Amino acid sequence: MTAPYASAFGNLDPHMSGRSQDGQVHMTLHRSLYIWDSAKGEPRLELATAAKSSAGGTVWTFTLRQDAFFHNGRKMVADDVVWSFNRLMSPNQGFVGARWVRLIKGAVDVEKGDAKEISGIKQIDDHTVEITFTQKVEPGFLFYNMTTSILPKEEVAKPTWATNPVGLGPFKFKEHIPGSRLVAERFDKFYKPGLPYLDRVEFPIMAEASARDIAFRNKEVDTSILGPVQYVAYGKDPELKKHILEVAEVFTRAMTMNHEVKPFDDVRVRQAINHAINTKLIVERLARNKAYVATSWLPISVPGYDKDMKPYSYDPALSKKLLAEAGLPNGFEFEWTTSQNESWGLPIVEAVIPMLAQVGIKVKTKVVEVAVLTDLALKGEFQAYIGSSQTGPDPLQTLRCFHSATPRTSCNVTGYKNAAYDKLLDEAGTTDDPARKLGLLKQANAHLYTAAPVWFFNYNKAVMAYQPWVHGLIGNPTELVHQYPEFIWVDASSPAK
Amino acid sequence: MFGFVLRRVLQMVPMLIAIALLIFVLFSLIPGSFATGQQDEGLGLDMAVVARMRAELGLDDPLYVRFGRYVQQLATLDLGISFRSKQPVIEMISARLWPSLSLTAAAMGFAISVGLPLGFVAALRPGSVADLSLMVIAVSGLSLPVFWLGILLMYLFALTLGWFPSFGYGDGGLWHLALPAMALGVSPMALLARTTRAAVLDIMNADFVRTARSKGMNEFRVVVWHVLRNALVLVLTTIGLQFGSLLGQGVVVEKLFAWPGVGSLLVDSVFQRDIPAVQGCILMITLFFLVINTSVDIAYKLIDPRIRYT
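Quick caveat: nothing in here was measured; it's all calculated off a predicted structure. (Residues numbered from 1 in each chain as written. Chains lettered and ligands numbered in written order. Predicted model: local features only at pLDDT ≥ 70, side-chain atom pairs only at ≥ 80, totals over all residues. Heavy atoms only, no water.)

(A) Spatial organisation of the overall build of chain B. When helices and strands are counted, chain B shows eleven helices and zero strands. N-terminal to C-terminal, the α/β element order of chain B is α-α-α-α-α-α-α-α-α-α-α. Within chain B, the proportion of its 310 residues that are buried is 49%. For chain B, long-range pairs separated by at least 24 residues make up 72% of all intrachain contacts whose partners lie at least 6 apart in sequence. Accessible area of chain B: about 14400 Å², with a carbon and sulfur share of 71%. Positive and negative side-chain charges in chain B, numbering 22 and 18 respectively, have mean positions lying 13 Å apart. (Helix = DSSP H or I, 4+ residues; strand = E, 2+ residues; numbered from the N terminus. Buried < 20%, exposed > 50% of the residue type's maximum accessible area, 1.4 Å probe, protein only. Contact = heavy atoms within 4.5 Å. Areas by Shrake-Rupley, 256 points an atom, 1.4 Å probe, with all protein chains shown as cover. Lys, Arg positive; Asp, Glu negative; His and termini not counted. Charge placed at Lys NZ, Arg CZ, Asp CG, Glu CD.)

Structure representation (structure tokens):
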């Protein structure tokens, strides 16, 4: 099977690359303690057969599976989990997966160089690991991430590790021609009997959407992620539209306002902006309906999303009234920082500018690269910027991005502070009642709707076209390209057969 | 001759040093960093990890310390370790060099084999329908954006005719090389056709050609012996300049056709702020350009021994 990859690989070491695209390859070669169950919308155990919690959900005991082998033939044991998590907290290297391990007791001490090993991880025996957390957690939401993959230390120690990854995944690494393709072959000792179905998976690196389109139509690739323009074209084609997979991904696109900059500290101004923009029109015309109009922060696939909530109405008159109440009857001017991204960048900003002008708000655009946008956001050096944020799958963690205790450098980029909101989240984090927790999270999401810390633009609809002979693809809302390659198969009509 | 070659080679050294310093300064000043670029969409960055990455990569060191380290590395021909892949940059570039060179050579081969005859034929019949038609082709070739041309070639030769694969490196053979080479070669082909036409036309009217004809030399000998040889000096300049710059111009074609060359490595490295890789790629492209130019200068002397350099 050939699945094009839209970017150059950041790094073949899953601990080092946090870019969502890279997860596509990591899921082929590696595995973590958990995996995301798209059907149920929750994490499920992958490298462990059982997980028992005690001490009020702060201590978890994992029974590891005994049939998992690394591609070098060695059996996975508890020490591999201990070693992998300790590696992530190494004080000398920055591993992006560290954020998921930091909640383990003693992890921060290792990170600071004050301890050599994380005190909260204990190997009970070869197949049992006990993990003590600093607070009550659901570890599945932490350890389903591929950046916490379990790795073989003897392979990581080799100088060839950067170019020859070895993991526990259903496919083993075959070759990587940087800038062109990565190839993986079926791993016969994969722990799920009879799987994977495919003999070989190839990821050609194809950055250009138009080139992917031609290759897909020419049957040279088996899947293709579609952009807005192709989404419309494929939808009109009677054959192509039969094989399209759509999923509401856990990404929210929004214009983030810096609440430390006037007049964005005034909720009426933020609401006025939401009312001034015809979001539905932009989603229809520019995003070509390859997105869902956002109502609040939590997207459709995440628990806590309220399907009955209506988005802000397009109402310039109400917008002007709110601005007048905020003492800005003639509007104001602000600088809007944006990247060139077609789905959440300059084209959207250019469409919004005349709408804001109608209510007297003038916009100066500042166009930067995505990497620079991140820098500016973290430093708070912006008045407003448009971007895309991962908003799931854990609603509690997602909503904490507006908690007063969350610093800007974590994810509270707006600088939002509200005691009532904090209380809702704190209660949701401590309650043992799932229904109550969900209710609190819904309330928090509704609170954000009213507080309008951002302009709620859209939730991403990811779309993948696949050839008629491809089967077993799953709509993974955490990232559509993160497929479960062991379940994919191709029938006899494939040209590759 | 040896002294000339040595002098030209030595002249490349200060040029390379100047370029290396310029790249260092530029990439020290532009905003954005590798550490913050590691999560493109997400829950915000883990600042503790960013801090460790910056420390590990030496990004927190003062500018003069980084500059000293860079110069020290260059002095030992060490291009450093890639922030992104953790591999030595020299290894990354080496892996990409052959695909880039093969693409550049194939594109230039296409340009020469098509552009030279076109220009020559057009010059022999100036003002004719053939001349006008060929020059329309040449101007079109110069005007077409490479990206658009590449898409057209894919559409025609891969999707419609099914002659070539639309993308990929395959085993590096001609089958996969054909379309990217054509896409990259059309612009220099057009330029060569125009240059050749102008050069040949100019020489056809020169006194020594008229003299040769008046002495009764047949037209074929006049053209091959006098016109072609003299026109080559000018054409060779164009070939050299184009050949040297194609390695850098290949960026778009490499990205479009998933061709694993130095150009695509450079683009990916710039976007991810992988500074050692960016510096290495630019130095390599500069070196290639300088080597080709020096080679052209040497070739001048071989074609026309009367040429003297001061």
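We are not done yet, so read on.
(B) Examining the state of the cysteines more closely. All names here are of chain A. The full count for this structure, using the stated rule, is one disulfide over all chains. Note on cysteine connectivity: Cys401 is disulfide-linked to Cys411, with sulfurs 2.0 Å apart. Its S-S torsion of approximately -100° makes the covalent link between Cys401 and Cys411 left-handed. In this pair, Cys401 sits in the loop between helix 14 (395–399) and helix 15 (419–430) while Cys411 sits in the loop between helix 14 and helix 15, placing the two residues ten residues apart along the sequence. Given a relative accessible area of 17%, Cys411 falls into the buried group. (Disulfide = S-S within 2.5 Å.)

(C) Just the sheet that holds strand 3 (residues 48–54) of chain A, in detail. Residue and element names in this part refer to chain A. The sheet built from four strands is open, its strands ordered 3-4-6-5 with antiparallel pairing. A strand with exactly one partner marks an edge of an open sheet, and here the two such strands are strand 3 and strand 5 (121–125). Taking the axes of each pair of neighbouring strands and ignoring which way they run, one obtains an average angle of 20° across the sheet. Bridge analysis of strand 5 against strand 6 (residues 128–132) gives four bridges, and the strand direction is antiparallel. The residue bridging Lys122 from the neighbouring strand is Glu130, located in strand 6. Lying on the sheet, helix 2 (residues 78–88) is in contact with strand 4 (59–64), strand 5 and strand 6; it crosses strand 5 at an angle near 170°. (Pairing = 2+ DSSP bridges. Axes fitted to C-alpha atoms, helices over the stretch in contact; angles between N-to-C directions.)

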